Structure formats: structure tokens, C-alpha cells
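Geometric and topological summary
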Amino acid sequence: MLKKLPVGLQSITEIIEGGYIYVDKTKYALELIENGKYYFMSRPRRFGKSLFISTLKEILSGNKTLFQECDIAKSDYDWKAYPILHFDFSQIPSRTPEMLEQGLLERVQEMASFYNISVEGSSLQFRLEGLIKQLSKSGKVVFLVDEYDKPIVDNLMRMDVADSNRDLLRSFFGTLKGLDEYLKLVFVTGISKFSQVSLFSGLNNLEILTMEPTYSTLMGYTKEEIKTFFGGYIQQIAKKRNITLQQVLSELKEWYNGYCFTEDRQLVYNPFSTLLYFKKGRPCGYWFSSGTPSFLIDQIQNRPTAAVELSGAKVKRSQLQDIQNVAKMDLRALMWQTGYLTICGYDEEIDIFELDFPNREVRGAFFDILLQEFEEALPAEVTVHGANVRKHLFDCNFDQFFKAINSYYAKIPYHLFTSAKEGFYHAVLLSLLEGMSLKVRAEDPTNIGRIDLVIETSEMVYIFELKVGQTADIAIQQAELNKYCEKYCHQNRKIVLIGLNFNPDTRNISDWTAKSYSSSGAVLQSLRSLHAKTS
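Here's a quick rundown of the structure. Throughout, residues of each chain are indexed from 1 in the direction in which the sequence is written. Where local features are concerned, this predicted model is filtered to residues with pLDDT of at least 70; where side-chain atom pairs are given and counted, the filter is 80 or more; whole-chain, interface and lining totals use all residues. With hydrogens and water excluded, all non-hydrogen atoms of the structure serve as input to the side-chain values.

**A short note on the pairing of strand β4 (residues 183-190)**
Burial status follows relative accessibility: with a 1.4 Å probe on protein chains alone, a residue under 20% of its type maximum counts as buried, one over 50% as exposed, and anything between as partly exposed. Only DSSP runs of H or I covering at least 4 residues are called helices, and only runs of E covering at least 2 are called strands; the numbering of each starts at the N terminus. The element β4 is extensively covered by neighbouring structure, given that 7 of its 8 residues are classed as buried. Two strands make a pair as long as DSSP finds a minimum of two bridges between them. Relative to β4, strand β1 (residues 38-42) runs parallel, the two being bridged by 5 bridges. When the sheet's bridge partners are listed, Phe40 is paired in β4 with Val188. For strand β3 (residues 141-146) and β4, the ladder comprises 5 bridges, and the chain directions are parallel. Across the sheet, the residue bridging to Phe143 is Val186, located in β4.

**Examining the nonpolar core**
Buried Ala, Val, Leu, Ile, Met, Phe, Trp, Tyr and Cys residues that are joined via side-chain atoms within 4.5 Å together make up what is termed a nonpolar core. Among the nonpolar cores identified, the biggest contains 116 residues, and Phe187, Phe278 and Phe464 are the most heavily contacted of them. Among all residues touching Phe464, those that are not within four sequence positions of it are Leu393, Phe401, Phe402, Ile451, Asp452, Leu453, Ile455, Ile498 and Leu500. Ranked by size, the runner-up nonpolar core spans 42 residues in total, among them Phe143, Val188, Phe194 and Leu334. Should any heavy atoms of two residues lie within 4.5 Å, those residues are counted as being in contact.

**Description of the pattern of salt bridges**
The working definition used for a salt bridge is a side-chain nitrogen of Lys or Arg within 4 Å of a carboxyl oxygen of Asp or Glu. Under the defined criterion, the tally for this structure stands at 22 salt bridges. Put simply, Asp71 and Lys74 hold a salt bridge, and the shortest N to O gap is 3.5 Å. Residues participating in the shared-partner salt-bridge network are Asp163, Arg166, Asp167 and Arg170.

**A look at the packing of aromatic side chains**
Aromatic rings from Phe, Tyr and Trp, with only the six-membered ring used for Trp, were paired whenever their centres fell within 6.5 Å, and each pair was classed as stacked if the ring planes differed by under 30 degrees, edge-to-face if by over 60, and tilted otherwise. For the structure shown, the criterion picks out 33 aromatic pairs. Between Phe143 and Phe172, the aromatic rings sit 6.5 Å apart at their centres with planes inclined by 40°, giving tilted as the arrangement. Taken together, the residues span a long stretch of sequence, with Phe143 in strand β3 and Phe172 in helix α7 (residues 159-174) at a distance of 29 residues. Taken as a pair, Phe143 and Phe172 share a single burial class, namely buried.

**Brief notes about the sheet that holds strand β6 (residues 314-316)**
Taken in spatial order, the 3 strands line up as β6-β8-β7 in an open sheet, and their pairing is antiparallel. At either margin of the open sheet sits one strand with a lone partner, and together these are β6 and β7 (342-347). Ignoring which end each strand starts from, the neighbouring axes of this sheet average 40° apart. Inspection of the sheet shows β6 paired to strand β8 (residues 352-356) by 3 bridges, in the antiparallel sense. Within β8, the residue paired with Val315 across the bridge is Phe353. Between N-to-C directions, angles span 0 to 180 degrees; the directions come from axes that are lines fitted to C-alpha atoms, helices contributing only their stretch in contact.

**Quick word on the sheet that holds strand β5 (residues 207-208)**
The 5 strands are arranged β2-β3-β4-β1-β5 in an open sheet whose pairing can be described as parallel. Of all strands in the sheet, those with a lone pairing partner are β2 (84-88) and β5, marking the two edges. When β1 meets β5, the two strands line up parallel, connected through 2 bridges. Residue pairing in the sheet places Tyr39 in a bridge with Glu207 of β5. The strands touched by helix α2 (residues 26-35) within the sheet are β1 and β4, with β4 carrying the most contacts at an inclination of about 130°.

**Here's the deal with the packing of helix α9 (residues 223-241) against helix α10 (residues 245-256)**
When two helices pack together, their arrangement is given by the angle between the helix axes and the distance between those axes. Contact pair α9 / α10: the axes reach a minimum separation of 9 Å and the direction vectors enclose 115°. Considering their axes alone, α9 and α10 lie roughly perpendicular with respect to each other. The way α9 lies across α10 gives a crossing that is right-handed. Between α9, through Ile226, Lys227, Ile234, Gln235, Ile237, Ala238 and Arg241, and α10, the contact on the second element is made entirely by Leu245, Val248, Leu249, Glu251 and Leu252. By the convention adopted, Pro, Cys, Tyr, Trp, Phe, Met, Ile, Leu, Val and Ala count as nonpolar, Lys, Arg, Asp and Glu as charged, and the other residues, Gly among them, as polar. Residue classes in the contact of α9 with α10 are distributed as 8 nonpolar, 1 polar and 3 charged. Here roughly perpendicular refers to angles of 65 to 115 degrees, roughly parallel to angles under 35, roughly antiparallel to angles over 145, and oblique to all remaining angles. Left-handed describes a crossing whose near helix is turned anticlockwise from the far helix by less than a right angle; the clockwise case is right-handed.

Below, the structure written as C-alpha cells:
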């Protein structure tokens, strides 16, 4: 009999006492409790933040019996019970700053009543301070906060509310400054780190765990944990679908692995999607289907051209960890924090990280968003017709290929083309090709410049250079001048260089020209559209 899968469960007590699988993370909890005091960690949604908060809560409540079969039971931890204050901002209304303040006041009062303490004061801050000081008479206080940033990120489409909520959080967390002698442990989670919240400026010794290699696998499942805790489910799926165990593991890796939060390249699986894979027995976009953050969609809508530069983007550590300005967030940092991008490379000499989509689930989900938001095209429709379009490309039947692409450009609402620059057309083409199951690299670097788009197969390399309001000849001439083909020569594959031009008046691809090369770089054939313009 297999243990039950804890899909959607965030209570450590319910998981262990209910006979569910618990992927043991108590060794990390022990290290944090014994080696520090103030911590912050950001991770994407549904990545185990709430479960770890629950784990800390039960350990610091002295609930030794619950953890008898866990790693922490092998230690000499003293299991002392501490008073605990737990704020879960996902459960506190925050549509207005007044609602947020009232919700926090009610939560403070609830916890005071639980400990039979009376708190008074003219402000939220005075009442919280009084509660902590009174509780500390029976032991230093544990302060746990889950999803601290929700009042900000849920209101990014209403910046006045987001700013006011941020200021309220600044005052709320500012209360902790100066209360060090009354506190045992402070642990805060969220998706993003907003530097202007005083949690990060007031507590000068706050340890940011987000990119610490020691805690890179604190949340999410490692490959070893997958095999150890879910071996029975792996065998069950393999038997039911008549595939090998290795095929199941490969499928899991392709769809749900690839998340990396530090330079040490320790990879973890998305726990939410992994559990649903074991439950359903087949891969699907489970994490994406559970709800894409509205603020991310809003950012993509406002800056579609930035979507082109995501895969392979180079960023500094400070860009990834901190959001300095709520109104002008870096889309790359935002997508890393929300789990749509991950670390795929690191240059230690200059402390620069390279980003990419972590796996098939996330890559597909992101480009589905672009298809729906910018082209008003159903992702399923693009995928279904993708086989024919791919065949046109592989057969070098470019007239039919670009005719199919233009049929989708025709569906884009007119207002989206207002003041559209090259990057917008680029982003739309990128999302269409991805939606047709063509894995594309954008802004592919060479020693001279950056290739707009590259599609690789085992036999062919397609290099696209895009222009707007010019000519296809100008596009291909630039690609030839920059010697883009050289990067892919001598790989036993043919190379096709394609220049194409978007007409801003007709809002589609007006002309194209192409040259095919042997793997050694010799020109094999030149093709051009019937209505190609010459420069």
C-alpha cells in the first residue's frame, strides 16, 4: 500500500498524522534554528514555503512526537516550546490599505486572545510590540511570516494601493527593530524581495537565504528525494503505461525539473507539479493551470518586446534578489522570482548569472500566455496546425510557411500595433514558433552580434534576421555581414539563413529571402518571396 500523496496540503501535522508522504526537510529547520535568528527566503508560488513555515512552527512548539521518523529526531535538539506568532498574508484581505491594517489588527488580537493576553495601544505597531513583550515573559517569541509580499504583488495593477500597502508593511515590520532581546527566531517567506519594506532595512542582520547554496534544496524535490520517497509511484506509472522506469524519470525531468536558485547548479523539481504527475500518471501543465500571477501577465502586456530577451538573459545577483522600485520592476528578475526563469549558468569571475526557462512545463506555459494575450489565438489551435507549418519550414517551402504565420498576425488586435517596434513583431513570431513545438532561441550571441532567432533540428539550423519597414535583402545582408552562419558550420548540418521584413502598414511579413548553406559554409541555393523588395 503506497502512502498518500499530499497534493495541496500545507500542514505538516496533517501530512504526517494523515499518513501522507513527507519529503523530510527537518535537517534544514534544525540548522536554521541552531545557527541563526533572522531569515528571509523567496521562492515561487506552490513551492513549499507554507509547508516549511508549518514545519518550523511545530518544531518550535515542542511537538517532538510528530517528528519521530524524521532527520531531526536523530539529533539532540531540546524540543523547548516557544510562544509563536504566525502571520499568513494570503489569509489577510489587502485590496485596500484600510483592509490590510484591519486584518492585521484582528490577527494580532486573535493571537493575544489565544495566549490569554490583553493588548492595547493607539496603533497596530504599539499593539504588536506589546504582544511580543508580554509573550516573551514565558519564553522568547518565534515570529513566522508567510507570503509577506502578497499585499503588494496582488495590487500591482493599482500602484496607489500597492505603494500604500508597502508603506504599511514597512511600519508593521519596523516594529521588530529594537525587539531583539524578546525574539527567538524570525522567518519570513515571499515571492519577491522589496527592498523598501523595512523588514530588509530595519533588521540589519537579516540573512537572505534565497540564493544561498547551503539552502538551495530546502524547497522543491531533488532527484534523490524523488527516487527515495516516490519509488512506488514511479513503478506504478511505468507498469500502467507499459514504459520503463527510466522513461518515467526522464519524463519527470523534462517537464518539472530544472529549477536552480544558486550558482552551485543544484537542481530541484517543482513539488506541486511532481505530486500531480504521480497522482494523474501523465505529464501536464499542472503548475501553470493552478493560476498564473496576474501581476506577471500585466508586466508582459506592458512590455511585450522584453519577452524576446528572456532566454539567455545575463543579470547581476542584485538584480535577481532585490526589487528597488515597485513601479519599474525588472521583468527578468520578476520572472526568476515567480519561477518562469531559472539560473542556467554562472560566471564566477564577474558574478553574472544566465537565465532560461527551467523545463517544458514552464516554457510552454509562458508562450501560451503570449499567444493568448497578444495574438488572441488559442494555444491548442496553434499546436494542432503546427505540424503542417513545421513541415513547410523543414521542406524549405517558405511561401507557405510565412503565409501560415501571417494568418496569425492578422488576428492581432489593431491597437497592439500602435507604435510597435521590431521587438514586438519579434516577440509574436517567437511565441508562434514555440506554440508550434519549435524550440527557438532568441538573441543568440555570436562573437560579432546577436542572431534574432535560431531553430535547430538534428539535420538543419534555421537562422532568422528580422527587420521592420525595410527589406528582406537588408535583413539577410546584415546576417551575412555579421557571419552568423559561422557559429554553426562544420556540425554536419545544413544551414538556412532567412531574412524577413515586417510591413508596419499591413502588419505582417511582406517579403522574405533565404540562402541555404552546406555544413562547410558553401552556398547551395538562394530563394526569395514572389513579392520580395530589393534594397
